[in-house]
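# Tertiary structure, described
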Amino acid sequence: MPIVLDHVSFTYQPDTPFAAPALHDVSINIRSGQFVGLIGHTGSGKSTLIQHCNGLLFPLAGQVTVDGMPVLPKGKDLKEIRRKVGLVFQYPEQQLFEENVALDVAFGPKTLGLEDAEIQRRVRWAMKMVDLEFAKFKDASPFELSGGEKRRVAIAGVLAMQPKYLILDEPCAGLDPGGREEILDQLKRLNEKGLAIVLVSHSMDDVARLAKRLIVIHEGAVVYDDQVRQVFSKAKELADMGLDVPAVMKLMMLLKEKGLDVRQSVLSAEEGQEEILRVLNHA
Amino acid sequence: MIEIKNLHYQYDEKMEALRGVDLFVPEGQFLAIVGHNGSGKSTLAMHLNGLLLPSSGDVTVNGLNSKNPSEFWSLRQQVGMVFQNPDNQLIATSVEEDTAFGPENLGMEPSLIRRQVDEALMTVGMEAYKDKAVHLLSGGQKQRVAIAGIMAMRPKVLVLDEPTAMLDPRGRNEVMNAVHKLNREERITVIYITHMMEEAVTAQRVVVMEEGTIVMDGAPVEIFNQVEELKRLRLDVPLAVEMVYRLRKHGFLLPESILTIEELAVELCP
């Protein structure tokens, strides 16, 4: 069962002089277990789109369903939908507020009215998922942690709701390369455990590394929705939209232009290395 | 020029963020500072215009010491800062008004403000947007307006703390190009903090911070050749450097001076 957006259109402040159309006839679906990248320049409609996936915004036209449940204002399934679709906003550490990490992670599950033992079990599990050792971090104040650790606490808080879909808006922005690496590794592992992940990112390298499928949104409409390699083969079109291709792909395109017969659709440094070696060793 | 001597800074008894930093930056240099979160980069940056004052040691910019109250405001005017989030830095409703905010507060003549605002918007390529509403701009455009607002005060030094972290690829290019142009054409000294090594290689000099001290300092080529050391410090290297490192391991002795994919392509396809 998927998240389905069916011909969704949305306008901020409709019927006013400030009306700002944000989504235009968007139809996509996110199936369970998928790892989807979502790219688009600032203001292209990415954030508006993801807020439709768990009922923070409702379409002006078209409809959204999550596992068959319609996403409607005051709909009876809204609470269940918001539990199933976990949303991690930009700079989620700004939303930490409890006096210690364990309490912060427990905040969400508590609102579900679960038993205490179950809440504790989930807190431990969620912290483990993001590599925060329970004994070491449970009593720490979230505000004393490093940037990367804070962000992992925020993600653990969403995981503790045991969502089926996890949508993250720029989870690596502002993190150092080490912190970024940790978050990306954890997303990969969570996906391997069956969690569907939607990664919104301005880093073409990050989506190339993890996503299988890539959705490109431009001026509120879906322009591409395909395998990552297929989408990144449209280098010129992406550049015209203010986007880019991964650095390694740019290298391969340059080599090709200069006459080295390399395959261009590589997504990682390892693949690039193999491809260059293959061609050089045969030259 | 910027002179930092034995700078220590303590947030509280437990946390010493800077532990003896010495740094000399000549006028007109483009210096990139890299280091993982918590290494002290931003704390150092905030000392350059007196947002933070040293626990011990000295920071002087063109002879103005941040600890000297009578020189404090001249220091603020000479050293402008741009931060990560464009939305936190813009205050007026139109681009032009926002750019004029700084000079107005310095009490400049209106005719002079007019001229400096026009020139500042021109240098960042935003003159066509001067009547536009700030909230309708893209991230890259907002950051360029933030830079223009500082340029309108005619600073000598521009300090940028991860100015592209929240931007899309086009926005990142716009900001990088604008900063390089200011450095090249206006001889502005640039201190550029970043996690993106592709940006750091475009600087004249790179400083690596770790645990509140400077652990590496040199030209980009000297710094980025030390791939293993950088990885140990939890930093990245640009893709071209990574690729040279990998290919060298396989017996292709490419020069270690390669920093960009363009240089690598030339080397592989002579």
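Residues numbered from 1 in each chain as written. Chains lettered and ligands numbered in written order. Predicted model: local features only at pLDDT ≥ 70, side-chain atom pairs only at ≥ 80, totals over all residues.

## Things to note about the overall build of chain A
- In terms of helices and strands, chain A carries 12 helices and 10 strands.
- For chain A, the C-alpha radius of gyration of 20 Å lies close to 19 Å, the compact-globule estimate for 283 residues.
- Its C-alpha atoms put chain A at 65 × 50 × 35 Å along the principal axes.
- Out of the 283 residues belonging to chain A, those deemed buried represent 47%. (Helix = DSSP H or I, 4+ residues; strand = E, 2+ residues; numbered from the N terminus. Rg over C-alpha atoms; globule rule 2.2 N^0.38 Å. Buried ≥ 20, exposed ≤ 12 C-beta atoms within 10 Å, placed from the backbone.)

## Overview of the domain arrangement of chain A
Residue and element names in this part refer to chain A.
- With domains assigned, chain A is organised as domain 1 (1-88 + 163-228) and domain 2 (96-162).
- Measuring from the centre of the C-alpha atoms in domain 1 to the corresponding centre in domain 2 gives 23 Å.
- Secondary structure elements with two or more residues in the side of domain 1 that touches domain 2: β6 (85-88) and α7 (177-192).
- Looking at the side of domain 1 that touches domain 2 element by element, the count peaks at 5 residues for α7.
- Of the residues contributing to the side of domain 1 that touches domain 2, the split by class is 7 nonpolar, 4 polar and 2 charged. (Domains from an automatic or database assignment. Nonpolar A, V, L, I, M, F, W, Y, C, P; charged D, E, K, R; others polar.)

## Digging into the interface of chain A and chain B
- If you look at the interface, chain A gives 33 residues, while chain B gives 31 residues.
- Going through the elements one at a time, α6 (147-159), α7, α11 (247-257) and α12 (269-282) of chain A are the ones with two or more residues in the side of chain A that touches chain B.
- Of the residues in the side of chain A that touches chain B, the class split is 15 nonpolar, 14 polar and 4 charged. (Contact = placed C-beta atoms within 7 Å.)

## Observations regarding the sheet that holds strand β10 (residues 213-218) of chain B
Residues and elements named next belong to chain B.
- Taken together, 6 strands build an open sheet; the order of strands is β6-β7-β8-β3-β9-β10 and the sheet is mixed. Edge strands, defined here as strands with exactly one partner in the open sheet, are β6 (79-82) and β10. Shown here is a sheet whose adjacent strand axes are inclined to one another by a mean of 20 degrees, direction ignored.
- Its contacts with the sheet place helix α5 (residues 139-151) against β6 and β7 (157-161), and it is angled at close to 165 degrees to β6.
- Along the sheet face, helix α6 (residues 169-185) touches β3 (30-34), β7 and β8 (189-193) and points at about 155 degrees away from the line of β8. (Pairing = 2+ DSSP bridges. Axes fitted to C-alpha atoms, helices over the stretch in contact; angles between N-to-C directions.)

## Considerations on the pairing of β8 of chain B
Residues and elements named next belong to chain B.
- Of all 5 residues making up β8, 5 are buried, and the element is well covered by its neighbours.
- Burial of the side chains of β8 extends over both faces: Thr189, Ile191 and Ile193 are buried on one face and Val190 and Tyr192 on the other.
- As defined by bridge partners, β3 adjoins β8 across 4 bridges and the pair is classed as parallel. Residue pairing in the sheet places Ile33 in a bridge with Ile193 of β8.
- Bridge count between β7 and β8: 5 bridges; the pairing is parallel. Bridging from a neighbouring strand, Leu158 pairs with Val190 of β8.
- On the question of chirality, the crossover connecting β7 to the parallel β8 by way of α6 is right-handed. (Right-handed = clockwise from strand over helix to strand, strands pointing away.)

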